[in-house]
Amino acid sequence: MPDEGPAASPAVPTSLSRELLRWIQSLDLAYSVKNVKRDFSNGFLIAEIFSRYYDKDIQMHSFDNGIALRIKKDNWGQLLKFMRKSGLAEMTSQEEVNAIIHCEDGAVINFLNRIYEVLTHRKVQEVVMRPLPDATPAYAKHTGSAVLRNTMRNSALSETDDEVTRQRRLHEKFGEHERSLQEERSIDPDRFSSQSQATNKGMARGPPRALGAATEPVPQVTVKEISVKQVDRNIAQLRATKEMGGQQGSPGQMSMPADFNSVPAMGGSPTSLPPIPAQRPAPGAGMGMAMDGGGGGGYSPQQQQGVASDGMSLLDACVARRLDAAAVGGGVEPAEGFCRALAAGEVAEPVGLQILSEFSTEAPGVAQACVGNPKQFWKVAALMADLMASLPAGSATFEAATRAFTALGDAVLVSDASTAMGLFCDYGMPKLLPAFKSSPPKREAILRVLYSFSPADVASHTQCLKRLQTLLGSMPLFLHAVALCVDMEAEFTSGPNGSLDLYIYYCEMGLGQPSPALRAAACSMLPALLPHMDPESVASFIPTLQRLSTEDRWWGTRAALLKVAAVLMDSADPATVQVGVGFVNLHFHPRAAASVQKVGVMALAKHASNGYPEILPKLLQVLLGLPPAERLLLVGAADLPAAAGSIEPGAAEPAPNGPPLSSIMADTDALALARALKDEVLASQLENLEVAHMAVLCACVVAHLSTSAELDQQWTEVFDALHDLVFVALCDPYAAALAATVIEQFAFTSQIKDGILRDPSFVGALRLLFPASDEAAEEMGEGDDVCQALCGAMLRNLAGEGAVFRDAVRDLLSQFVTAPGSLLADVAAEL
């Protein structure tokens with residue numbers, strides 16, 4: 001008789017043995033095993049198991065955790081190649097692999113048993129199973145549709161493309177099923193007889209009872225109705241409610257667990273702590289205006305001075321010294337009311353920053369109170385976490401709140417390093433999780449707070465990552481977090497328990513994810529990891545990176561690849577260097593996405609000036625094409641007084657969600673960039689310099705003078721090639737201030753000196769600004785008024801440099817007809 005059900009083949013294992021399951025769990029695989037046949041069918045977890053023992057031969061970034069048949073065959077093809085190379089070819093066969101791929105019963109379990117025996121050199125214990133009945137019950141037997149479905153899942157049939165063969169095999173299996181049913185009917189006809197079923201149904205009824213016959217009394221049982229109250233809070237909150245039930249708190253006051261007098265130690269049983277101090281006095285309800293220095297109106301002296309044993313009182317005192325009770329809302333404690341008012345925009349930003357700065361100053365005292373009383377830590381952590389969740393990311397107040405929370409973490413770490421991480425992960429991080437999940441711009445700040453509660457050693461950071469993974473409960477979200485944490489590491493250690501291998505493992509996992517954002521995050525980890533990796537490990541990543549470079553169109557991935565390229569170009573291996581140069585040629589150009597351009601400028605500035613001059617023209621073209629505000633930030637000229645008026649009205653502001661921008665001039669050869677600008681202008685045969693050109697030239701001059709006292713002959717050659725266009729830029733209201741700065745610096749620090757004032761081109765530019773005829777003066781617009789004022793200020797600055805410059809300015813003004821009261825007349829009078 002053919003196989004009809006699971007009981008018909010008791011020799012086929014259907015589940016993992018306890019010993020095998022413990023071994024798999026000890027390997028800490030990326031995904032937990034829930035369905036053995038399905039989870040191991042694509043070979044990803046099999047590859048991860050082998051990578052624990054053959055870490056140099058198995059690279060996880062080469063495997064994909066997908067469910068498509070193509071992906072499964074590709075993964076198993078790599079595994080079979082590895083087994084042949086490692087002398088494990090006899091461990092399995094192509095037929096068994098096909099059975100595993102198609103989730104046949106027992107196939108993967110037998111294979112896992114062999115893997116376990118080969119890798120651990122231990123024998124799998126044979127479990128003696130309880131004997132099952134010989135015959136399968138009727139209700140457990142397969143139906144005709146189940147037989148057809150199981151037949152179609154057979155690996156041999158799935159791999160067959162001939163439709164005739166498939167149909168014939170299905171007809172044969174269905175015919176066997178029908179014949180088995182006919183055989184059962186012939187062996188046990190009574191089971192299929194409708195008459196016997198009716199008889200059985202009749203016999204199941206009790207004897208008939210005469211009408212009106214007396215019935216025995218049935219005892220009455222009264223059951224009290226049970227009232228079930230829905231509980232939607234955890235035990236800590238229920239205890240807190242019971243403890244604070246008798247207290248008259250204000251609406252919205254924070255609740256807290258009542259079992260904080262014993263906090264579990266990092267690795268053992270709860271530790272007894274001193275009793276909780278008495279509750280602080282309730283805040284007063286006095287009215288008054290915000291105070292800048294003295295105590296706030298309506299607060300008690302205890303609130304204005306703080307109580308050393310109570311962390312929240314110290315924070316209340318910081319608020320009471322700056323604000324009165326009315327400013328933060330009556331009926332709430334000062335610190336809590338301040339945080340609510342600050343989040344609602346009801347507190348002026350300067351006052352809020354001052355109070356948050358005082359929070360940071362009071363962090364050691366608050367930490368002492370919190371370490372001795374976890375209940376206080378719960379309240380302080382909840383207050384700070386709610387504040388960070390409410391404030392907008394990137395604002396000055398959000399950064400100040402982050403610094404205050406980080407200062408608390410540092411202070412708690414100094415007070416008791418053994419419990420700091422446990423306190424924060426148990427009572428602080430859960431409050432920050434909603435903001436971490438919903439607001440990506442806040443993640444880096446939240447992770448900084450997390451790391452402030454962790455010792456700086458590698459082992460503690462590794463433990464911190466594991467706890468973070470448990471708290472997040474989402475592998476994609478955790479991979480985003482790891483990509484941010486890698487930049488916070490001061491050092492990397494190699495080895496089985498080292499942080500380097502851990503980060504490389506998560507990087508490989510992220511590169512294989514289907515989400516482009518996750519791939520970009522994983523790729524962004526490599527600039528920090530590659531310098532610490534050996535050449536073989538670096539080479540193993542290159543095929544994956546090249547595939548991402550050609551296939552992934554996500555801007556984040558391309559921006560990350562430019563950062564990787566900057567690291568690869570520092571390699572001693574010429575082949576690795578060429579890979580990095582290839583990434584630059586492919587993705588760094590003026591037509592790339594704006595964020596890719598900005599990241600590329602910051603990442604490649606050093607190489608553009610040192611060893612790779614072919615990158616410099618590209619970098620200059622990208623700089624000239626960026627929005628003015630972002631260009632000024634990148635060239636370090638945003639804080640120059642001359643840059644204040646160089647941005648036209650309506651020009652785009654820096655993108656709020658774009659990459660953070662920083663000056664490239666510290667890593668750039670300013671003279672090389674100025675020469676590239678000169679070559680670009682001359683090759684384009686420009687008649688006028690745009691504001692972008694003047695901004696780059698001014699930034700180069702200022703950057704050079706920040707490290708040198710003078711502009712040498714090489715700089716003079718650059719100015720001589722561009723001086724006519726620089727003088728004409730004095731007539732552009734948006735470029736005039738930048739041009740005046742360049743002229744002043746070359747006059748003061750180069751060999752040109754006062755010769756600039758005697759240059760015919762300079763005199764001609766001034767005649768355009770200060771025409772002699774009244775008709776020409778009447779045609780001047782408001783922009784010319786701005787340019788005239790800037791030129792007047794420049795002439796005064798030049799004249800104030802010494803007698804030589806004063807005489808040169810006097811000779812220059814003598815060439816102009818100046819009406820009394822005009823700007824030039826005023827300058828001449830001052831001389």
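The preceding data block contains the structure.
Source: prediction; values computed, not measured.

Right, let's get into the packing of aromatic side chains. Counting across every chain of the model gives 19 aromatic pairs. Seen in terms of ring centroids, Phe748 and Phe805 are 5.8 Å apart; in terms of plane orientation they differ by 75°. Their pairing is edge-to-face. In this pair, Phe748 sits in helix α36 (residues 736-749) while Phe805 sits in helix α40 (residues 803-813), placing the two residues 57 residues apart along the sequence. Residue classification places Phe748 among the partly exposed residues on the basis of a relative accessible area of 23%. An aromatic cluster of at least three residues, connected via ring pairs, comprises Phe377, Phe405, Phe424 and Phe453. Sitting above the plane of the Phe436 ring, Arg443 keeps its charged end 5.6 Å from the centroid. Above the face of the Phe816 ring, Arg767 is positioned so that its terminal group lies 4.8 Å from the ring centre.

At Asp28, a residue that is not glycine, the phi angle is positive and equals roughly 55°. Residue placement: Asp28 occurs in the loop between α1 (18-26) and α2 (36-39).

Moving on, we get to the environment of Ile504. Along the chain, Ile504 turns up in helix α24 (residues 499-511). Taking relative accessible area as the criterion, Ile504 reaches 13% and is therefore assigned buried. As a C-alpha pair, Ile504 and Ala522 span 18 residues in sequence and 9.3 Å in three-dimensional space. Discounting chain neighbours no more than four positions away, the residues touching Ile504 are Leu529, Met533 and Phe541.

One can describe the packing of helix α28 (residues 555-568) onto helix α30 (residues 594-609) by two numbers: an axis separation of 9 Å at closest approach and a directional angle of 0°. Accordingly, the angle class assigned to the pair α28 and α30 is roughly parallel. Taking contact as the criterion, the partners of Trp555, Arg558, Ala559, Leu562, Lys563 and Ala566 in α28 are, on α30, Ser595, Val596, Val599, Gly600, Ala603, Leu604 and His607. Grouping the constituent residues of the contact of α28 with α30 by class yields 8 nonpolar, 3 polar and 2 charged.

Calculation criteria
Residues numbered from 1 in each chain as written. Predicted model: local features only at pLDDT ≥ 70, side-chain atom pairs only at ≥ 80, totals over all residues. Heavy atoms only, no water. Phe/Tyr/Trp six-rings, centres within 6.5 Å; stacked < 30°, edge-to-face > 60°. Helix = DSSP H or I, 4+ residues; strand = E, 2+ residues; numbered from the N terminus. Buried < 20%, exposed > 50% of the residue type's maximum accessible area, 1.4 Å probe, protein only. Lys NZ or Arg CZ within 6 Å of the ring centre and 35° of its normal. Contact = heavy atoms within 4.5 Å. Axes fitted to C-alpha atoms, helices over the stretch in contact; angles between N-to-C directions. Parallel < 35°, antiparallel > 145°, perpendicular 65-115°, else oblique. Nonpolar A, V, L, I, M, F, W, Y, C, P; charged D, E, K, R; others polar.

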